[in-house]
Amino acid sequence: MLWRPCGEHAALLDCDSLALMTAARATVEAAGIDGIAELVPGARSLLVVAEPGSRALSAVRELLDGADLTHPPAGSPHEVTLDVHYDGEDLSLVARDAGVSVAEAVALHTEAEYTVAFTGFAPGFGYLTGLPDALRQPRLESPRTKVPAGAVGIGGEFTGVYPRESPGGWRLLGHTDATLFDPAAERPALFAPGDRVRFRSV
Amino acid sequence: MRVLEIVHTGPLALVQDLGRPGYAHLGVPPSGALDADALRLGNRLVGNPEDAAGIEALLGGLAVRATAPCTVAVTGPLVPVRVDDRHVGSHAAVSLRAGQTLALDRPTAGLRCYLAVSGGIALEPVLGSRSRDVLSGIGPEPLEDGVSLPLGPVTGVPAGADVVVAPALPERLVVPVVLGPRDDWFTDLVEGLGAWWTVTPESNRVGLRLDGPPLRRANTAELPSEGLLTGAIQVPPSGLPVVFLADHPTTGGYPVAAVVRRGSLGALAQARPGTSVRFRSS
């Protein structure tokens, strides 16, 4: 792990793996350190933004220097199950590249348990890890200009759901009617980092 | 209820306060007034808390009508302001009677004027803020001619300053930056950032796009998505940097060469297309 400067009030922790980032994020989250303005997980990094004048950056650094990241705090993750209609435009392409039938591709996607590693791209978009090896597939050669809200897709080591209509290059498996982001809701984003997610075929 | 009627919006008028920090982990940008010091000053002039919501008016042209007596102030770049047909100054508290119209001309320099109103604009906050986020579409819709904005209760007295000086807006900006986090992905970065860059017309509240001699990469690997913050200078494969402003995406997949010191963000928010900018490591 390596700390990199990021402006006057922030630092970026480079992590060797997604697992290490996840452990570092959970450790910082559980410690409830004062003065953290933002804690933004990435695929291999954790951005810590401090409130100006606080000691949060050095406190996080000390905490992680002494932490056992092979046994991070479990926290109390939210558990989310999403109902998915597996009717996506790329489902047969995904099955073919995985060397399985369409039904088996759906089974692979629904039998795994996923963790929200980080978010970004749009409010409520979560990058979910835990994808079976056969479903770790490249993005489309040419991204779609319009992916509908609720589309469930896979891209590289991640799976995720598009919270609203947007361009996108992930291979689409299906769609869900669930609301991924509602700023007026008590929990505005259905997925927050650390949450556990399962997909159910309906 | 006290309301403020929008007679004309000008090119683009948005409700802004100091934004909604603290939600980046959900993918929600910080948003808020791009020239936050200007909004704070306007709020102080009319007796509001500094975080009250006002209007960010791009390139002037905004006209509003008071339906009840209120105190208003226009801040940001120096701009001609009229109440009905009478010229009043910007950067000063002005009392409006019911029925009077306040109108901004186009500022001769800078981009974004701020209108603060006693009581503040009291639209329903979204995730703790009344800011319009143009990237995510969160917060009050961009203003349209004819809409009425509710005002909150007046809570303070206008500041007694006689004259507040509008900030100078130089035609060439030298912007202090902190190198990193990915400065080692570039060759000759200090020299490259120190070249004169030109602000392009594609700039907006998401970021300032710059044209100039492309920055050269030492490392051409793909960067896994990582967290971004306001002021980050991100360099896509073209080598032409983008300086992220308040409506920036919360994560990005291109390396950030340096981050602008916060004190200079207001000046960048006022940089018109064509403005020359260079960055100095400090």
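As a convention, each chain's residues are numbered from 1 in the sequence order in which they are written. Just so you know, chain letters begin at A and ligand numbers begin at 1, following the order they were written in. Whole-chain, interface and lining totals are the exception, using all residues; otherwise, since this is a predicted model, local features are given only for residues with pLDDT of at least 70 and side-chain atom pairs are given and counted only at 80 or more. By convention in this description, side-chain values take in all heavy atoms of the structure and omit both hydrogens and water.

Engineer: Looking at this structure, how should I read the sheet that holds strand 5 (residues 70-75) of chain B?
Structural biologist: Two strands in a sheet stick together by hydrogen bonds in their backbones, pointing the same way (parallel) or opposite ways (antiparallel). Residue and element names in this part refer to chain B. Here a strand pair is declared whenever DSSP counts at least two bridges between the two strands. Strands here mean DSSP runs of E at least two residues long; helices mean DSSP runs of H or I at least four residues long; both are numbered from the N terminus. Read from one edge of the open sheet, five strands run 2-3-10-5-8, paired in antiparallel fashion. Edge positions in the open sheet fall to strand 2 (12-16) and strand 8 (94-96), since each of these has one partner strand only. Across this sheet, the average inter-strand angle for adjacent strands is 30°, counted without regard to direction. One ladder, built from four bridges, connects strand 3 (residues 54-58) with strand 10 (residues 112-117); its direction is antiparallel. Bridging from a neighbouring strand, glutamate 56 pairs with tyrosine 114 of strand 10. Packing of helix 1 (residues 36-46) onto the sheet brings it into contact with strand 2, strand 3, strand 5 and strand 10, and relative to strand 5 it is tilted by some 150°. In this analysis an axis means a line fitted to C-alpha atoms, helices contributing only their contacting stretch, and an angle means the value between N-to-C directions, from 0 to 180 degrees. Whether two residues are in contact is decided by their heavy atoms, any of which lying within 4.5 Å being enough.

Engineer: Teacher, can you tell me more about the pattern of salt bridges here?
Structural biologist: If the charged atoms of two oppositely charged side chains come close together, the side chains can form a pair. Residue and element names in this part refer to chain A. A pairing counts as a salt bridge when a side-chain nitrogen of Lys or Arg comes within 4 Å of a carboxyl oxygen of Asp or Glu. In total, this model carries 25 salt bridges over all chains according to the counting rule given. Linking arginine 200 and aspartate 83 is a salt bridge whose minimum nitrogen-to-oxygen distance equals 2.7 Å. Linking arginine 200 in strand 13 (residues 196-201) with aspartate 83 in strand 5 (residues 79-84), this pair joins segments that are 117 residues apart in sequence. Each residue's exposure class comes from its accessible area (1.4 Å probe, protein chains only) as a fraction of the maximum for that residue type: buried when under 20%, exposed when over 50%, partly exposed otherwise. For arginine 200, a relative accessible area of 45% translates into the label partly exposed. Take aspartate 83: its relative accessible area is 31%, and that puts it in the partly exposed class.

Engineer: When you look at helix 1 of chain B in this model, what are you seeing that I'm missing?
Structural biologist: Along an α-helix, residues three or four positions apart point the same way, because every turn accommodates 3.6 residues. All names here are of chain B. Of all the residues in helix 1, the buried ones are Ala38, Leu39, Leu41, Gly42, Asn43, Leu45 and Val46. For helix 1, the elements touching its buried residues are strand 2, strand 3, strand 5 and strand 10. Just downstream of helix 1 lies glycine 47, where phi reads positive at about 85°.

Engineer: For this particular structure, what's the right way to read the pairing of strand 5 of chain A?
Structural biologist: Note on strand geometry: in a regular strand, side chains alternate between the two faces of the sheet. Residues and elements named next belong to chain A. By the alternation rule, side chains of strand 5 split into Val80, Leu82 and Val84, which are all buried, and Glu79, Thr81 and Asp83, of which none is buried. Taken together, the six bridges between strand 5 and strand 13 define a ladder with parallel strand orientation. Bridging across to strand 13, valine 84 finds its partner in serine 201.

Engineer: It is not clear to me how the packing of aromatic side chains should be interpreted in this structure. Could you clarify?
Structural biologist: Given two aromatic rings, one states the distance between the centres and the angle between the planes to describe the pair. Residues and elements named next belong to chain A. When two rings of Phe, Tyr or Trp (its six-membered ring) have centres within 6.5 Å they constitute a pair, described as stacked for plane angles under 30 degrees, edge-to-face for angles over 60, and tilted for the intermediate range. Throughout the structure, instances matching the rule amount to ten aromatic pairs over all chains. Judged by centre distance (4.2 Å) and plane angle (5°), the rings of phenylalanine 118 and tyrosine 127 are stacked. Of the two residues, phenylalanine 118 and tyrosine 127, neither departs from the other in class, the shared state being buried. Ring centres 5.2 Å apart and planes at 70° place the aromatic pair phenylalanine 121 and phenylalanine 125 in the edge-to-face group. For phenylalanine 121, a relative accessible area of 41% puts it in the partly exposed group.

Engineer: Even after reading the chapter, I still don't get the interface of chain A and chain B, so can you show me in this structure?
Structural biologist: Where interface size is given, it is often the accessible area lost as the parts come together that is meant. Chain A puts 38 residues into the contact, and the matching count from chain B is 32 residues. Summing the contributions of chain A and of chain B, the shared interface buries around 2,600 Å²; its carbon and sulfur component is 59%. Defined in terms of a 1.4 Å probe, buried area is the accessible area two parts forfeit on being brought together, summed over both. In terms of surface lost to chain B, no three residues of chain A exceed Arg4, Glu8 and Glu38 of chain A, which account for 20% of the buried area on that side. Applying the counting criterion to the chain A and chain B interface returns three salt bridges. We call two N or O atoms a polar contact when they sit within 3.5 Å, provided that within protein one can donate a hydrogen and the other can accept it, with sequence-adjacent residues counted only if both atoms are side-chain atoms. Remark: the boundary between chain A and chain B carries 13 residue pairs in polar contact (both at pLDDT 80 or more). Among the secondary structure elements, those contributing two or more residues to the side of chain A that touches chain B are strand 1 (2-5), strand 2 (10-14), strand 3 (36-41), strand 4 (45-50), strand 6 (114-120) and strand 7 (122-129) of chain A. Broken down by element, the side of chain A that touches chain B gets its largest block of residues, five residues, from strand 3 of chain A. Taken together, the residues that form the side of chain A that touches chain B break down as 25 nonpolar, seven polar and six charged. Polarity classes work like this: nonpolar for Ala, Val, Leu, Ile, Met, Phe, Trp, Tyr, Cys and Pro, charged for Asp, Glu, Lys and Arg, and polar for all others, with Gly in that last group.

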